[in-house]
Amino acid sequence: MKLFDVYPLFDINIVKGKGCRVWDDKGNEYLDLYGGHAVISIGHAHPHYVEAVSRQVATLGFYSNSVINTLQQQLAERLGTVCGYDDYTLFLINSGAEANENALKLASFYNGRTRILSFAKAFHGRTSLAVEATDNPKIIAPINNNHHVTYLPLNDMEALRHELAKGDVCAVIIEGIQGVGGIQMPTTEFLQELRTLCTAQGTVLILDEIQSGYGRSGRFFAHQYADIRPDIITVAKGIANGFPMGGVLISPMFTPVYGQLGTTFGGNHLACAAALAVLDVIEEENLVENAAQVGKHLMEELRKLPHIKEVRGRGLMIGLEFAEPIKELRNRLLHEQHVFTGASGSNVLRLLPPLCLSIDEAVSFVERLKKVLR
Ligand SMILES: Cc1ncc(COP(=O)(O)O)c(C=O)c1O
């Protein structure tokens with residue numbers, strides 16, 4: 001059997017990682033400014049993480065959600081405290097798409113409505129509702145195209161007021177910072193108005209912090225820069241540093257109903273051990289503060305480079321917009337300078353490194369970028 005060929009691959013076989021570095025099967029070392037697509041939060045192969053996951057798998061890797069799992073309870077308690085939402089409850093699943101799928105279902109169970117507002121360039125995942133709320137017709141199969149979603153331009157206050165005033169919107173789903181869309185940021189005023197309008201209309205506000213959350217923006221959640229509290233927050237990617245896991249943080253206004261949501265694998269013992277180890281390291285190594293400081297320095301240095309049209313982002317979620325397509329630049333960074341980066345669309349280079357990136361590593365990246373920009 002061959003693999004179903006849906007991924008355009010770089011011809012590189014990564015076999016080892018440590019901190020912000022990875023190695024291929026030929027022993028070449030690469031600087032990882034991509035974090036395996038924003039997934040590696042505390043760095044590759046962190047010793048505390050390796051120890052915690054190894055210990056758990058040797059004890060109990062999995063049991064079902066029909067018995068008490070104290071690791072889930074510990075995770076909910078720890079996460080609530082670290083992120084400032086200790087009055088919210090936590091539902092655990094295995095991916096970002098599932099987090100958004102469950103968030104949207106919960107919203108619809110709550111107010112009985114079926115209309116969703118999403119934004120231009122949004123990406124929320126590839127399952128049925130999540131993909132319907134994703135602004136990319138190429139990945140919406142006809143069976144997913146069920147006309148639940150209206151897309152609005154990001155930061156267009158008038159369009160938002162107009163749609164919400166109809167009083168029939170189930171939920172608004174918005175990324176803390178758009179990732180796939182090219183590091184586009186909702187303004188503070190927009191998020192604050194969105195919060196006010198959703199409350200007034202009985203519409204559920206869902207903040208997708210799957211890429212922008214878990215410390216990446218330099219705050220635990222990117223929306224915390226706007227000082228708002230959404231009704232539901234979704235997380236995944238960095239939550240377990242590569243172990244597949246997602247979470248839905250749910251405001252006290254929702255009442256849980258037995259059997260309404262559920263999953264076989266979600267919140268299993270091994271995933272929880274990985275997620276708890278991630279929180280240990282985030283706290284012990286002050287990784288949220290590190291993301292803020294190193295990200296600020298990196299953006300200042302990048303803004304000095306003449307070739308870049310715009311540098312956008314917060315913390316270690318950074319987009320470099322170029323006037324020209326970046327395909328060749330990205331390939332040269334990888335093959336000549338041994339740096340992994342991400343891309344958004346044709347012209348934006350996306351940086352999503354592990355949150356432990358040091359100033360020296362940031363400087364090294366800027367030096368390597370300068371070499372390919374010459
Ligand atoms: C903002 C956002 N939401 C949702 C998802 C989907 O997550 P997953 O691929 O884990 O389903 C992604 C993945 O890139 C994302 O960036």
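Conventions used here
- Residues numbered from 1 in each chain as written.
- Predicted model: local features only at pLDDT ≥ 70, side-chain atom pairs only at ≥ 80, totals over all residues.
- Helix = DSSP H or I, 4+ residues; strand = E, 2+ residues; numbered from the N terminus.
- Rg over C-alpha atoms; globule rule 2.2 N^0.38 Å.
- Buried ≥ 20, exposed ≤ 12 C-beta atoms within 10 Å, placed from the backbone.
- Contact = placed C-beta atoms within 7 Å.
- Near = placed C-beta within 6 Å.
- Nonpolar A, V, L, I, M, F, W, Y, C, P; charged D, E, K, R; others polar.
- Axes fitted to C-alpha atoms, helices over the stretch in contact; angles between N-to-C directions.
- Parallel < 35°, antiparallel > 145°, perpendicular 65-115°, else oblique.
- Left-handed = near helix turned anticlockwise from the far one by under 90°.
- Pairing = 2+ DSSP bridges.

1. Brief notes about the overall build of the protein
1) Next: Each helix and strand counted, the protein has 11 helices and 15 strands in total.
2) Next: Its C-alpha radius of gyration of 20 Å places the protein within 12% of the 21 Å reference for a compact globule of 374 residues.
3) Next: Looking at the protein as a whole, 47% of its 374 residues are labelled buried.
4) Next: For the protein, restricting intrachain contacts to residue pairs at least 6 apart in sequence, the fraction spanning at least 24 positions comes to 73%.

2. Some words on the site of the ligand
1) Next: Around the ligand, the surrounding shell holds 14 residues, and the nearest of these are S95, G96, A97, G125 and Q211.
2) Next: Here the shell around the ligand is built from residues that sort into 5 nonpolar, 7 polar and 2 charged.

3. Section: the packing of helix α3 (residues 70-83) against helix α8 (residues 269-284)
1) Next: α8 packs onto α3 with a crossing angle of 30° between their chain directions and a minimal axis gap of 9 Å. Taken as axis vectors, α3 and α8 run roughly parallel relative to one another. You can see that α3 and α8 cross each other, and the crossing is left-handed. Each of L71, Q72, Q74, L75, R78, L79 and V82 in α3 lies in contact with α8, whose residues at this interface are H269, C272, A273, A275, L276, L279 and E283.
2) Next: Looking at the contact of α3 with α8 residue by residue, the classes come out as 9 nonpolar, 3 polar and 2 charged.

4. Regarding the sheet that holds strand β14 (residues 342-344)
1) Next: On the basis of which strands lie adjacent, the open sheet formed by 4 strands has the order β11-β12-β15-β14 and antiparallel pairing. Edge positions in the sheet fall to β11 (310-314) and β14, since each has one partner strand and no second. When the angles between neighbouring strand axes are averaged without regard to direction, this sheet yields 25°.
2) Next: Relative to strand β15 (residues 348-351), strand β12 (residues 317-321) is paired through 4 bridges, and the arrangement is antiparallel. Paired with I318 across the two strands is L351, which belongs to β15.
3) Next: Helix α9 (residues 287-303) rests against β11 and β12 of the sheet, and its axis sits at about 175° to β11.

5. Let's talk about the sheet that holds strand β1 (residues 14-18)
1) Next: Across the sheet, 4 strands lie side by side as β1-β2-β3-β13; this open sheet has mixed pairing. Taken across any chain shown, the strands that pair with only one partner, and hence form the sheet edges, are β1 and β13 (339-340).

6. Some remarks on the packing of helix α6 (residues 157-164) against helix α7 (residues 188-201)
1) Next: Two elements in contact, α6 and α7, have axes whose closest approach is 10 Å; the angle formed by their N-to-C orientations is 5°. One way to sum up the angle between α6 and α7 is to call them roughly parallel. Touching M157, L160, R161 and L164 of α6 are F190, E193, L194, L197 and Q201, all from α7.
2) Next: Residue classes in the contact of α6 with α7 are distributed as 6 nonpolar, 1 polar and 2 charged.

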